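Understanding the architecture of this molecule
Spelled out, the chains give:
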Amino acid sequence: MLPAGTVVAGTAMNPMRCPGQVEGGVAHALGATLFTTAAVRQRIRDRARGGSV
């Protein structure tokens, strides 16, 4: 079992870029999650007001 916060990235082609790649992946995933959450909330609000999908 890996310690918390451990990232398995396979073989690093350029080890100096690994931290940036991980940070970029986290930022991308966070942005996608926030966007999806906002879209779902908007759809719920629209349905509550009697709108259709």
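Residues numbered from 1 in each chain as written. Predicted model: local features only at pLDDT ≥ 70, side-chain atom pairs only at ≥ 80, totals over all residues. Heavy atoms only, no water.

Take the overall build of the chain next. Looking only at helices and strands, the chain features 1 helix and 0 strands. Here the chain holds 53 residues, and the buried ones make up 0% of them. Carbon and sulfur atoms provide 62% of the accessible area of the chain, an area that totals close to 5000 Å². (Helix = DSSP H or I, 4+ residues; strand = E, 2+ residues; numbered from the N terminus. Buried < 20%, exposed > 50% of the residue type's maximum accessible area, 1.4 Å probe, protein only. Areas by Shrake-Rupley, 256 points an atom, 1.4 Å probe, with all protein chains shown as cover.)

Turning our attention to helix H1 (residues 18-48). The end-to-end C-alpha separation of H1 is 45 Å, in line with the 45 Å expected for 31 residues at 1.5 Å each. Taken from the residues just after H1, Gly50 is the one with a positive phi, measuring 90°. (Expected span 1.5 Å × (residues − 1).)

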